[in-house]
Amino acid sequence: MSATLPLRLSHFRMLAVAALIAGIGATQVTAAMPTPIGPAGDYDICLGDTDDRAIAACNRAIERNHYRGEELAMLHVSRSVGYLLSGDPDAAIVDADVAIMFDRALAVAFWSRGSAWQNKNEPVRAIADFSEAIRLDPADASSLIQRGIAREQIGDTAGGARDLAEATGIDPQLTARKYVRK
């Protein structure tokens, strides 16, 4: 299962980022084929969806005590993003913290926690987490965009502009969608 984690995470994360960019509080993404409920099915639902069903699947998968290391971290970070999209930044922070405890190299966990701090209007904490996400994954345009926004919130417009310019170089479409909304 872990050989497909980066691809799954990338797809999952892009769905979550698209929902955040569109200003949607929550979004539902369903699989083309039914996924069986059980350890593997719950894992797939948890990583593949971003709605209440995904949070419930994450809960079941975590409670089974079957997963370890990177896979367990992925369950927590996926649930963190689900909580973030459902408007519960405190729960998102708790799960991101747990994911980071299991895998300190998981950039998306720092992105999720940074996004939660940003939702709580704590831009300095958000900047720290987005900076770590960028350190771990320098090609991550979404963390650059979010850090740029947080920098602008604290008055660092030059830093925010640099982050936006760098994000535009990495993913012009994502950057355009984020700023078309404003």
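Refer to the structure above for everything that follows.
Residues numbered from 1 in each chain as written. Predicted model: local features only at pLDDT ≥ 70, side-chain atom pairs only at ≥ 80, totals over all residues. Heavy atoms only, no water.

A. Spotlight on helix H8 (residues 141-153). Its 13 residues place the ends of H8 19 Å apart at the C-alpha level, agreeing with the 18 Å of an ideal helix rising 1.5 Å per residue. Taken together, the buried positions of H8 are Ala141, Ser142, Ser143, Leu144, Ile145, Gln146, Arg147, Gly148, Ile149, Ala150 and Arg151. Phi turns positive one or two residues past the end of H8, at glycine 155, with a value near 95°. (Helix = DSSP H or I, 4+ residues; strand = E, 2+ residues; numbered from the N terminus. Expected span 1.5 Å × (residues − 1). Buried < 20%, exposed > 50% of the residue type's maximum accessible area, 1.4 Å probe, protein only.)

B. Focus on the side chain of aspartate 163. Take aspartate 163: it is sitting in helix H9 (residues 157-170). The class for aspartate 163 is buried, based on a relative accessible area of 2%. Here arginine 151 takes part through its side chain, which lies 3.3 Å from a polar atom of the side chain of aspartate 163. With sequence-adjacent residues up to four places away left out, aspartate 163 is seen in contact with Leu144, Arg147, Gly148 and Arg151. (Polar contact = N/O pair within 3.5 Å; in protein donor to acceptor, adjacent residues only side chain to side chain. Contact = heavy atoms within 4.5 Å.)

C. How the structure looks around the packing of aromatic side chains. This structure, assessed with the given rule, holds one aromatic pair. Aromatic pair tyrosine 43 and tyrosine 67: ring centres 4.8 Å apart, planes at 35°, arrangement tilted. Taken as a pair, tyrosine 43 in helix H2 (residues 39-48) and tyrosine 67 in the loop between helix H3 (52-63) and helix H4 (69-85) lie far apart in primary sequence, 24 residues in all. Exposure class is identical for tyrosine 43 and tyrosine 67. Each is buried. The lysine or arginine in question, arginine 125, covers the ring of tryptophan 117, its NZ or CZ lying 3.9 Å from the ring centre. (Phe/Tyr/Trp six-rings, centres within 6.5 Å; stacked < 30°, edge-to-face > 60°. Lys NZ or Arg CZ within 6 Å of the ring centre and 35° of its normal.)

D. Broad picture of the state of the cysteines. A complete count under the given rule lists one disulfide for this structure. With its sulfur 1.8 Å from that of its partner, cysteine 46 forms a disulfide with cysteine 58. Disulfide cysteine 46-cysteine 58: torsion about the S-S bond near 90°, hence right-handed. Of this pair, cysteine 46 sits in helix H2 while cysteine 58 sits in helix H3, and the two are twelve residues apart along the sequence. Residue cysteine 46 is classed as buried on the basis of its relative accessible area, which comes to 0%. Residue cysteine 58 is classed as buried on the basis of its relative accessible area, which comes to 1%. (Disulfide = S-S within 2.5 Å.)

E. Quick look at the environment of aspartate 44. Within the element layout of this structure, aspartate 44 appears in helix H2. Since its relative accessible area comes to 28%, aspartate 44 is described here as partly exposed. Sequence spacing of aspartate 44 and leucine 75 is 31 residues, and the spatial spacing of their C-alpha atoms is 9.6 Å.

F. Molecular detail of the pattern of salt bridges. The final tally for this structure, using the stated rule, is eleven salt bridges. One salt bridge connects arginine 79 with aspartate 95, and the closest N-O pair in it is separated by 2.5 Å. Residue arginine 79 is located in helix H4, and its partner aspartate 95 is located in helix H5 (residues 89-102); the two are separated by 16 residues in the primary sequence. For aspartate 95, a relative accessible area of 2% translates into the label buried. Connected via shared salt-bridge partners are Arg147, Arg151, Asp156 and Asp163. (Salt bridge = Lys/Arg side-chain N within 4 Å of Asp/Glu carboxyl O.)

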